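# Chains, contacts and geometry: an overview
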Amino acid sequence: MTALVKPLFSVPFQRDYDFIDRKDMFSQIEEQLQRQYRVSLCGLGGVGKSQIAIEYAYRFQQTRPQSHVLWVYAASFTTFLQACHDIARSLKLPSCDEPGTDPCELVSKWLNEEDHSWLMILDNADNAELFFPSVGSDSPPATVTQPQRSLNDYLPSILNPQKSLLVTTRSRFVGQDLAYGELCVEVPPLSPQEAMDLLHLKAKGAVGSFDKYSTERLLDVLGYIPLTITQAAAFIIRNRWTFQGYLAALEKDKQNLTDYLSQELQDPRRPRDFPNSIFRTWKLSFDHILAQKPKTATLLSLITMFDPQRIPEKLLRPLTEREVDFRMAIGTLDGFAERRVYCIQLALAGGNQIMDELFVISLDSMGLYLLALL
Ligand SMILES: Nc1ncnc2c1ncn2[C@@H]1O[C@H](COP(=O)(O)OP(=O)(O)OP(=O)(O)O)[C@@H](O)[C@H]1O
Ligand SMILES: [Mg+2]
């Protein structure tokens, strides 16, 4: 038996009173949680998954004050372990401070006990290898940065109306696997109106006027992604610049765009030690692909060399490569992608021999520049 404790709320961020409500997101989360008690939010880095999870946690606490709300930052084994340790201590789980005790095991057992009611948020579960290590890979001995077991083993096995799990991840595959095969709730970029509202909120006090044409054009260049918008606003405010000036700089050339969007500005709503510039954020996704699926990374690098509209499959697939490996690589890439910004699909244009076997890759200019950088 564990000592009675008041409901724990371990979300490490304050509520954002400037939160821009995202169309349909909360109703989709509620609907999936009611049906199967688990849901994954998937989407590009910086698209706003964690902010939705934070806001959901606060709303949940208001409607179910007797439930625990447990936040587990799952970007690495170390952060997962730290979160379990903090939760075990806050819940006063027996022997949590004794040497040799595995806090993840303790928390895992507690989660499965019958009499507790909780929502667990697994944030940034981006690294597939931590949750689903490749079959046949040599399991390294446990170290400070390497778990002995797959983190999936520590996740609650019992979910029901009193026990639910909300995951945020950049990988659609991880999201689906953690949600027992259920489709992810895809988090898209903001709508033009949501993006405009966010820019106005974050750039309060900017010099010069918000002329409609420049702001619309700027949002277009920024791809309607919240992180790019908040970083752009922070840059403009910090350097006492105008929207028009900033836009002109982004549009000057590819190098300038890269330089500006690589700037790291503080974002108090993101974990420390986590990249805030959109380039570094997306590079992290690429690094995961590179470490786990080198073939896919090669493919992505190759794709960036072509006109993204029409790439013959023959150019992407070496003659010696098995078709099944090629399909898997394309699938992995698609799993990390977000449809609007970067989508790969097989185009079979009926009847036209030359068009057969072409990949149509639709990228907006932002996606293209980012891929070019990779
Ligand atoms: N709905 C929103 N309202 C206000 N600001 C937002 C909203 N969504 C995102 N932001 C801003 O954009 C930043 C990036 O969002 P967030 O960290 O949630 O992205 P993410 O999808 O979780 O990215 P990553 O995959 O890198 O973890 C936030 O720190 C915040 O400043
Ligand atoms: Mg996040």
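Only a predicted model underlies this, so the values are computations on that prediction, with no experimental measurement involved. (Residues numbered from 1 in each chain as written. Chains lettered and ligands numbered in written order. Predicted model: local features only at pLDDT ≥ 70, side-chain atom pairs only at ≥ 80, totals over all residues.)

### Some thoughts on the packing of helix α3 (residues 77–90) against helix α4 (residues 103–112)
- Put simply, α3 and α4 touch, their axes get as near as 8 Å, and they point 60° apart. Regarding the angle of α3 to α4, the classification is oblique. Seen along the crossing, α3 lies across α4 with a hand that is left-handed. Contact residues: α3 offers Leu81, Cys84, His85, Ile87 and Ala88, while α4 offers Pro103, Cys104, Leu106 and Val107.
- Per-class residue counts for the contact of α3 with α4 are eight nonpolar, one polar and no charged. (Axes fitted to C-alpha atoms, helices over the stretch in contact; angles between N-to-C directions. Helix = DSSP H or I, 4+ residues; strand = E, 2+ residues; numbered from the N terminus. Parallel < 35°, antiparallel > 145°, perpendicular 65-115°, else oblique. Left-handed = near helix turned anticlockwise from the far one by under 90°. Contact = placed C-beta atoms within 7 Å. Nonpolar A, V, L, I, M, F, W, Y, C, P; charged D, E, K, R; others polar.)

### A word on the confidence of the model for the chain
- Across the chain, pLDDT averages 80, with 79% of residues at or above 70.
- Confidence drops under a pLDDT of 50 for residues 137–142, and excluding neighbours within four residues, the segment shows four contacts in the predicted structure. (pLDDT = per-residue confidence, 0-100.)

### Quick word on the nonpolar core
- If you look at the biggest cluster of nonpolar residues, it comprises 75 residues, and the most contacted ones within it are Val72, Ile121, Leu166 and Ile229.
- If you tally residues by element for this core, the top one is helix α2 (residues 49–63), at six residues.
- Of the domains in this structure, domain 1 (25–186) and domain 2 (190–292) are the two that each give at least three residues to this core.
- Those residues in contact with Leu166 that sit more than four places away from it in its chain are Ile29, Val39, Ala53, Tyr56, Leu119 and Ile121. (Core = buried A, V, L, I, M, F, W, Y, C linked by C-beta atoms within 7 Å. Buried ≥ 20, exposed ≤ 12 C-beta atoms within 10 Å, placed from the backbone. Domains from an automatic or database assignment.)

### Overview of the environment of Leu299
- Note that Leu299 resides in helix α13 (residues 294–303).
- What makes Leu299 buried here is the crowd of 20 C-beta atoms within 10 Å.
- Through-space distance from the C-alpha of Leu299 to that of Phe326 is 8.9 Å; in sequence the pair is 27 residues apart.

### Some details on the site of ligand 1
- Among the 24 residues in the neighbourhood of ligand 1, the closest are listed as Gly48, Lys49, Ser50, Pro226 and Arg269.
- Breaking the shell around ligand 1 down by element, the ones donating at least two residues are α2 and α9 (226–238).
- For the shell around ligand 1, a count of residues per class yields six nonpolar, ten polar and eight charged.
- Both domains that meet at the shell around ligand 1, namely domain 1 (25–186) and domain 2 (190–292), each give it at least three residues. (Near = placed C-beta within 6 Å.)

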